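Now for the letters of each chain:
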Amino acid sequence: MAGYSISFCKTFHNGLFHQIRKSLVGVANLAHTSSHDYSTAVSDGTFKASDLQVKLAKPDQLQKKPDVGNLIFGKCFTDHMFTAEWEKPTGWGPPKISPLEPLRIHPAAKVLHYAIELFEGMKAYRGSDGKIRLFRPDLNMIRLLQGARRSMLPSFDPLEFVECMKRLIKIEEEWIPHSETSSLYIRPTFIGTDPSLGVALSNHAMLFVILCPVGPYFATGFKPVSLFADPSYVRAWPGGCGDTKLGANYAPTVFVQKTAEAAGLQQVLWLYGEDNQLTEVGTMNIFVFMKNEKGERELITPPLNGLILPGVTRQSILDLAREWKDFKVTERTITMKEVIQAQKEKRLLEVFGAGTACIVCPVSAISFQGTKYDIPTSEQESPVYQKFLKQLSDIYYGHISHPWGVLVD
């Protein structure tokens, strides 16, 4: 990361600069570049936070803030947005913050025809101390750059992008709910805007960010969900892009979600292979907590083998569990046969999903091949999923000081 001034580096509180720099080694390796010099991976240059152009909304453009108690996920947006545009061969233009407005793209833009698009999901939290925090934005930036590489979209400096998002969040600070059951959802989105038909890389691109105050992800609130598991539907496969947050991963899942709802179930448990491997649940990573055949309590989640998304909440749960050392923690393949066997032998304790939008989501039942298997997640005296929820929430809202909580100054 040579070339950055000392004063610039110091702006990244709680070690964010060092977190991202360490993580970028992985991106450099993925891009087949030197792990000692990330500048070779940023071959498309970058926009600079110091060049940020800000145009504030006029008083008559400002919206009324919503009632926190009536927030519906993804339905209400703040007054401003961030945009940065890239064009070959000139590179990145200046980053901008402006009033929220519809995008102006050509009808032939590649995002509309070939789904050259990816996005991230992040949150800003108003702490009990009144300070605003992000949660592990370094991991979101790594995932965003990996997705950009898979989609052949241009790279950029993630440190500069985080600074731009911080500025946007500060402008919209009053939109962040004064509530510990709500937050400000952040949606960075990267699209190919090249106005030409033909399946090829895009010579024009746009990176933008919109913000949305949110309450609980599920309309029913924080309640256990039932799952629809049908092996005939597959979300991802080896060699595909299931491990990147591309929009193309999600459109085909809507039909299956509606199929689940028609069967009286709430979410889809995605399986893979002849042995029915568990991969993800809805748009979340999945965890199984059980007593294994040795009598040990074990927390199991599928491995990062290309089939699942490397979730920020997933990684945080694994990190916390390994720090606690209260039970065995394993990243491995787990099949429906193993889950059913554990359920029949009363060794299955909990199943829960994990993701930025919902944090953790307990599972009450799985419907598989005509049989409904009840999961005793909420019957545990001290469910482990609740322990994760509390610890993560304490970090989000500043009840405990933790390097994962990055201050927005």
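Residues numbered from 1 in each chain as written. Predicted model: local features only at pLDDT ≥ 70, side-chain atom pairs only at ≥ 80, totals over all residues. Heavy atoms only, no water.

Novice: Got a minute to help me understand helix α7 (residues 312-324) in this structure?
Specialist: In this model α7 runs 18 Å from its N-terminal to its C-terminal C-alpha over 13 residues, within 8% of the 18 Å that 1.5 Å per residue would give. Along α7, the residues classified as buried are Val312, Thr313, Arg314, Ser316, Ile317, Leu318, Leu320, Ala321 and Trp324. Following α7 by one or two positions, Lys325 adopts a phi angle in the positive range, close to 60°. (Helix = DSSP H or I, 4+ residues; strand = E, 2+ residues; numbered from the N terminus. Expected span 1.5 Å × (residues − 1). Buried < 20%, exposed > 50% of the residue type's maximum accessible area, 1.4 Å probe, protein only.)

Novice: What is the right way to look at the pattern of salt bridges in this model?
Specialist: Should the charged atoms of two oppositely charged side chains come close, the side chains can pair. Counted according to the given criterion, the structure contains 17 salt bridges. Salt-bridge contacts for Glu163 lead to Lys166; the nearest nitrogen and oxygen are separated by 3.5 Å. Taken together, the positions of Glu163 and Lys166, both in helix α5 (residues 158-171) and three residues apart, correspond to about one turn of that helix. Residue Lys166 is classed as buried on the basis of its relative accessible area of 5%. With a shortest N-O distance of 2.8 Å, Asp394 and Lys390 are connected by a salt bridge. On the criterion of helical spacing, the pair formed by Asp394 and Lys390 is a turn pair, its members being four residues apart in helix α9 (residues 384-396). Overall, Asp394 belongs to the buried group, its relative accessible area being 14%. Here Lys390 falls in the exposed class, since its relative accessible area comes to 54%. (Salt bridge = Lys/Arg side-chain N within 4 Å of Asp/Glu carboxyl O.)

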